[in-house]
Amino acid sequence: MSSMYQVLGIAPEVEAFCEQILEDLKERFQSIDSIAEYNQCKVIAAMQKERVDASCFAGSTGYGYNDAGRDTLERVYAACFQTETALVRPQITCGTHALAVALSANLLPGDELLSPAGKPYDTLEEVIGIRESPCSLKEYGVSYRQVDLLEGGSFDYENIRKAINEKTKLITIQRSKGYQMRPTFSVEKIGELIAFVKEIKPDVICMVDNCYGEFVEKLEPSNVGADMIVGSLIKNPGGGLAPVGGYICGTQACIDRCAYRLSAPGLGQEVGASLDLMRSLYQGFFLSPNVVAGALKGAIFAANVYEKLGFRVIPNSLESRHDIIQAVELGTAEGVIAFCEGIQAAAPVDSYVKPVPYAMPGYNCDVIMAAGAFVQGSSIELSADGPIRPPYSVYFQGGLTWFHAKFGIMMSLQKLYEKNLVEIKM
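An account of the accompanying structure is given in this report. It should be emphasised that the depicted structure is a prediction, and the values quoted were computed from it without experimental measurement.

## Topic: the overall build of the protein chain
If you tally the helices and strands in the protein chain, you get twelve helices and twelve strands. In terms of C-alpha radius of gyration, the protein chain reaches 21 Å, essentially the compact-globule figure of 22 Å for 426 residues. When its C-alpha atoms are laid out on the principal axes, the protein chain stretches across 65 × 50 × 40 Å. Sorting the 426 residues of the protein chain into buried and exposed places 58% on the buried side. Excluding contacts between residues fewer than 6 apart, the proportion of contacts in the protein chain whose partners are at least 24 apart in sequence is 71%. Total accessible area on the protein chain is roughly 17600 Å²; 53% of this is exposed by carbon and sulfur atoms. In the protein chain, which carries 37 positive and 50 negative side-chain charges, the distance between the mean positions of the two groups comes to 2 Å.

As structure tokens, then:
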């Protein structure tokens, strides 16, 4: 492979450094494959249970009445994630949209939203009203409270108990770290939190932002008490084939309201044309466990590479994994930019483009994003991004194959090496 990597621009010393690290990861990768095999069987079982056949791949137009493929896919998601029902629609534009639908559908004026995991992801700040925005929950009379995590990233149960009151209607738990240097929560930890808050207030709705976490573990938050789990189809469950969409799985009562919010009261899940997307949505979901396994291997490889170079990484090289994201604290804006340039240069699409920081909608600072993807913004494909602010961390994720994830990490190191931002010692 050396000659091929050199053709692609990888210096021999970068390749040698990376290959040396891979020697110690074989056992770890076998464990990932074991989880992927389990989850693959789980998806197959759901598809077989719902009797998926070729007619499910036919699209619909207009109102989308009697769209059997769309309705079957929603039953497949519900069966796989073991929920009462599911809303899986191309009309959901992104993960933030799915979360906004779930929140606005289940919170009424006078209710309070509680985040026991500290500050939510940047794009939710305007949804909630932390940053003023038209049509925010705050504008419609929903109040918000958060309990910051303890030092080290664990839940502050004492203050969570104090924060829950008669107005607390919904608790939102962000599984992944977002743009924070904190641990991702395991399904086990999420289950413990849900049990704790349900004991205090049994009727509270517990919603989990499941983005980047699907199929990383054998269980999902819906298996440990979550009333709703929410995610994007251009992340894990779309398998790189879904061109758009999002999902909300959960209780019948919660999902009925979500469907009314997405379409209109009285219409709900009865409308929503699937166009010609159904084959991609089914096939992407089928491939997802294997795609996620490749992305996980890439994340672990990245952690080992950059930890050995002296950078702070979360999770570290030995910790268990609960999502596909690898955070690397590079310490400078130049480092973040160089890393992203490497990921872009490793892409099959737009590899000649140089990513630059810019003011993205929904963020409060410039953000750089590298993703030479087949689907715009698809972060299950090889991608990296980060806000240009201290501590100057980059967040790497994705890779439709392990080999592409590996090459992306090697190229990120190559760019840092070219700019004299790292020193490689064998």
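Here the narrative resumes.
## Here we look at the packing of aromatic side chains
In total, this model carries 20 aromatic pairs according to the counting rule given. Taking 6.1 Å as the distance between ring centres and 80 degrees as the angle between the ring planes, the aromatic pair formed by phenylalanine 81 and phenylalanine 285 counts as edge-to-face. Taken together, the residues phenylalanine 81 in helix H4 (residues 68-81) and phenylalanine 285 in helix H10 (residues 278-308) connect sequence positions 204 residues apart. Accessibility expressed as a relative area gives 0% for phenylalanine 81, which makes it buried. Between phenylalanine 301 and tryptophan 402 the ring centres are 5.7 Å apart and the planes differ by 85 degrees, which places this aromatic pair in the edge-to-face class. Of this pair, phenylalanine 301 sits in helix H10 while tryptophan 402 sits in helix H12 (residues 402-418), placing them 101 residues apart in sequence.

## Side note on the pattern of salt bridges
Scanning all chains against the criterion turns up 23 salt bridges. A salt bridge links glutamate 126 to arginine 131; its shortest N-O distance comes to 3.3 Å. Between glutamate 158 and lysine 162 there is a salt bridge, with its nearest N and O atoms 3.5 Å apart. With glutamate 158 and lysine 162 both in helix H7 (residues 157-163) and four residues apart, this pair spans about one turn of that helix. The two residues glutamate 158 and lysine 162 agree in class, both being exposed. Taken together, the shared-partner salt bridges connect Lys119, Asp122, Glu125, Glu126, Arg131 and Arg389 into one network.

## Some thoughts on the side chain of glutamate 125
Checked against the element boundaries, glutamate 125 lands in helix H6 (residues 124-128). A distance of 2.7 Å separates the side chain of glutamate 125 from the side chain of arginine 131, its partner in a polar contact. The contact partners of glutamate 125, leaving out residues within four places of it in the chain, are Lys119, Ile130, Arg131 and Asn364.

## Details of the sheet that holds strand E8 (residues 312-314)
In space, the five strands of this open sheet follow the order E8-E9-E12-E11-E10, with antiparallel pairing throughout. Among the strands making up the open sheet, the edge pair consists of E8 and strand E10 (367-370). With strand direction ignored, the average angle separating the axes of adjacent strands in the sheet is 20 degrees. For strand E11 (residues 383-387) and strand E12 (residues 393-397), the ladder comprises three bridges, and the chain directions are antiparallel. Note that in E12 the partner of alanine 384 across the bridge is phenylalanine 396. Across the sheet, H10 touches E8, strand E9 (326-329) and E12, and the angle it forms with E9 is around 20 degrees.

## Overview of the sheet that holds strand E2 (residues 112-115)
Read across the sheet, seven strands follow the order E1-E7-E6-E5-E4-E2-E3 without closing on themselves; strand pairing throughout is mixed. Here the strands that pair on one side only, and so sit at the sheet edges, are strand E1 (85-89) and strand E3 (143-146). Along the sheet, successive strands turn relative to each other by an average axial angle of 20 degrees, direction set aside. As paired strands, E2 and strand E4 (residues 168-174) are joined by three bridges and run parallel to one another. The residue of E4 that forms the bridge with leucine 114 is isoleucine 171. The sheet strands contacting H4 are E1, strand E6 (228-232) and strand E7 (246-250), and the helix crosses E1 at an angle near 130 degrees. The sheet strands contacting helix H8 (residues 187-200) are E4 and strand E5 (205-209), and the helix crosses E5 at an angle near 160 degrees.

## Re H10
Helix length check: H10 (31 residues) gives 44 Å between terminal C-alpha atoms against 45 Å at 1.5 Å per residue, within 8%. Serine 288 marks the point of greatest bend in H10, at about 50 degrees, and the proline proline 289 comes within the next four residues. With 23 of 31 residues buried, H10 is to be regarded as a mostly interior element.

## Remarks on helix H2 (residues 12-22)
Among all positions of H2, only Val14, Glu15, Phe17, Cys18, Ile21 and Leu22 are buried. Viewed end-on, H2 has its buried residues packed into an arc of 165 degrees, placing them on one side of the element. Taken together, the buried residues of H2 touch helix H1 (2-7), helix H3 (26-49), H10 and H12.

## Digging into the pairing of E9
Both E8 and E9 contribute to a ladder of three bridges, which runs antiparallel. Note that in E9 the partner of valine 313 across the bridge is valine 328. Relative to E12, E9 runs antiparallel, the two being bridged by four bridges. Residue pairing in the sheet places valine 328 in a bridge with valine 394 of E12.

## Focus: a nonpolar patch on the surface
Judged by side-chain polarity, Met1, Met4, Val7 and Leu8 come together as a nonpolar surface patch covering roughly 440 Å² of accessible area. Topologically, leucine 8 is positioned in the loop between H1 and H2. Given a relative accessible area of 40%, leucine 8 falls into the partly exposed group.

Conventions and cut-offs
Sequence positions are assigned chain by chain, starting from 1 and proceeding in written order. Reporting of local features is limited, given that this is a predicted model, to residues whose pLDDT is at least 70; pairs of side-chain atoms are given and counted only at 80 or more, and all residues count toward the totals for whole chains, interfaces and linings. Based on all heavy atoms of the structure, the side-chain values leave hydrogens and waters out of the count. Numbering of helices and strands runs from the N terminus; a helix is a DSSP stretch of H or I covering at least four residues, while a strand is a stretch of E covering at least two. With the radius of gyration taken over C-alpha atoms, the globule rule is written as 2.2 Å times the number of residues to the power 0.38. Burial classes follow relative accessibility: with a 1.4 Å probe on protein chains only, a residue under 20% of its type's maximum area counts as buried, one over 50% as exposed, and anything between as partly exposed. We call two residues contacting when some pair of their heavy atoms lies within 4.5 Å. Each accessible area is a Shrake-Rupley estimate made with a 1.4 Å probe; only the visible protein chains count as cover when residues are assessed. As used throughout, the charge tally considers Lys and Arg to be positive and Asp and Glu to be negative, leaving His and the chain termini uncounted. Note that the charge is assigned to NZ on lysines, CZ on arginines, CG on aspartates and CD on glutamates. Each Phe, Tyr or Trp ring, with Trp reduced to its six-membered ring, pairs with another whose centre is within 6.5 Å; inter-plane angles below 30 degrees give stacked pairs, above 60 give edge-to-face pairs, and intermediate values give tilted ones. Throughout this description, the term salt bridge denotes a Lys or Arg side-chain nitrogen within 4 Å of a carboxyl oxygen of Asp or Glu. As used in this structure description, the phrase polar contact means that two N or O atoms lie within 3.5 Å; if the pair is within protein, one of them must be able to donate a hydrogen and the other to accept it, and residues adjacent in sequence are counted only when both atoms belong to side chains. Strands qualify as paired when DSSP identifies two bridges or more between them. To get an axis, fit a line to the C-alpha atoms, keeping to the stretch in contact for a helix; angles then go from 0 to 180 degrees between the N-to-C directions. Helices are assigned an expected span. That span is 1.5 Å times one less than the residue count. By definition, a residue's bend is the angle between the axes fitted to the seven residues ending there and the seven starting there. Directions pointing from the helix axis toward each C-beta atom define the arc. Surface patches are drawn from residues lacking salt bridges whose relative accessible area is over 30%; two like charges belong together within 9 Å, two nonpolar side chains (Val, Leu, Ile, Met, Phe, Trp, Tyr) within 5 Å.

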